[in-house]
Amino acid sequence: AKPDRRAEALEVHPLFEDTMVAVVPPDHPWASRPFVDAADFDGVALIVFEPYDPARVPALPLPIPPDARPARIVPTPVVTELAVEMVLASRGIALLPAWPMRPYVEAGRVATVAITDEPERRIWSTATRRSPSPPIAGFVGLLRAHIASA
């Protein structure tokens, strides 16, 4: 495959590191655990955001241990509140980034659990055209400052 020349016009700005977590109700047996491993996912319904498509070639890997065997995968629209409500309605365990779960955890609505004892780190970034205009560069700076203070 040829490299996409349009990508050369972009500049990536790393914002922060995060991990994916298992999201469960506060009274779930996993809620008090420091992490879960592959065997814990056996027979579990996983709630994932729609972009995960097992028919895609190549399929994106789920953020669970490779030998985990969930019972089913429940794709949902990319709406955090919907995934949280599905967890609270006992529709499954959600796999979501840790950062948007913070307010729900702080409010006691859900608990999050690390996926394995060495969770995979992800770097969240934003992209702009190279040499962005002052308003765009200012926005990226504000975004970084806001995230740093969160």
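The structure displayed is predicted, hence computed values, not measured ones. (Residues numbered from 1 in each chain as written. Predicted model: local features only at pLDDT ≥ 70, side-chain atom pairs only at ≥ 80, totals over all residues. Heavy atoms only, no water.)

### Details of the nonpolar core
Phase 1: If you look at the biggest cluster of nonpolar residues, it comprises 18 residues, and the most contacted ones within it are A22, W30, F41, L46, I64, I93 and L95.
Phase 2: Mapped onto this core, the elements with two or more residues apiece are β1 (10-24), β3 (45-49), β5 (93-97) and β6 (111-115).
Phase 3: Ignoring sequence-local partners within four residues, the contact set of I64 consists of F41, L46, P70, L95 and I115.
Phase 4: Residues V21, A83, V87 and M101 belong to the second largest nonpolar core, which totals 16 residues. (Core = buried A, V, L, I, M, F, W, Y, C linked by side-chain atoms within 4.5 Å. Buried < 20%, exposed > 50% of the residue type's maximum accessible area, 1.4 Å probe, protein only. Helix = DSSP H or I, 4+ residues; strand = E, 2+ residues; numbered from the N terminus. Contact = heavy atoms within 4.5 Å.)

### Re unusual backbone geometry
Phase 1: Of note in the backbone geometry, T116 takes a positive phi value of approximately 75° without being a glycine.
Phase 2: As for its placement among the helices and strands, T116 is situated in the loop between β6 and β7 (121-129).
Phase 3: By relative accessible area, T116 is classed as partly exposed at 22%.
Phase 4: The phi torsion at S131 lies on the positive side, around 50°, for a residue other than glycine.
Phase 5: Within the secondary structure, S131 sits in the loop between β7 and α3 (134-149).
Phase 6: With a relative accessible area of 67%, S131 lands in the exposed category.

### Quick word on the environment of I73
Phase 1: The residue I73 is located in strand β4 (residues 72-76) in this model.
Phase 2: By relative accessible area, I73 is classed as partly exposed at 34%.

### A look at a negative patch on the surface
Phase 1: Taken together, the side chains of D37, D42, D67, D117 and E118 make up a negatively charged region of the molecular surface.
Phase 2: Among the structural elements, D67 can be located in the loop between β3 and β4. (Patch = residues over 30% accessible without salt bridge, like charges linked within 9 Å, V, L, I, M, F, W, Y side chains within 5 Å. Areas by Shrake-Rupley, 256 points an atom, 1.4 Å probe, with all protein chains shown as cover. Salt bridge = Lys/Arg side-chain N within 4 Å of Asp/Glu carboxyl O. Lys, Arg positive; Asp, Glu negative; His and termini not counted. Charge placed at Lys NZ, Arg CZ, Asp CG, Glu CD.)

### A few points about helix α1 (residues 80-88)
Owing to its 3.6 residues per turn, the α-helix brings residues three or four apart onto one side.
Phase 1: Taken together, the buried positions of α1 are A83, V84, M86 and V87. Seen from one end, α1 has its buried residues packed into an arc of 160°, which puts them on one side.
Phase 2: Once α1 ends, the next one or two residues include S90, with phi positive near 60°. (Arc of directions from axis to C-beta.)

### Some remarks on the pairing of β3
Phase 1: Counting buried residues along β3, five of its five residues qualify, which places the element largely inside the surrounding structure.
Phase 2: Taking every second residue as pointing to the same face, both faces of β3 are buried, with A45, I47 and F49 on one and L46 and V48 on the other.
Phase 3: Where β3 meets β4, five bridges bridge the pair, whose relative direction is parallel. Each residue of the ladder has a partner; that of L46, found in β4, is I73.
Phase 4: Bridge count between β3 and β5: two bridges; the pairing is parallel. By the bridge assignment for β5, L46 is matched with I93. (Pairing = 2+ DSSP bridges.)

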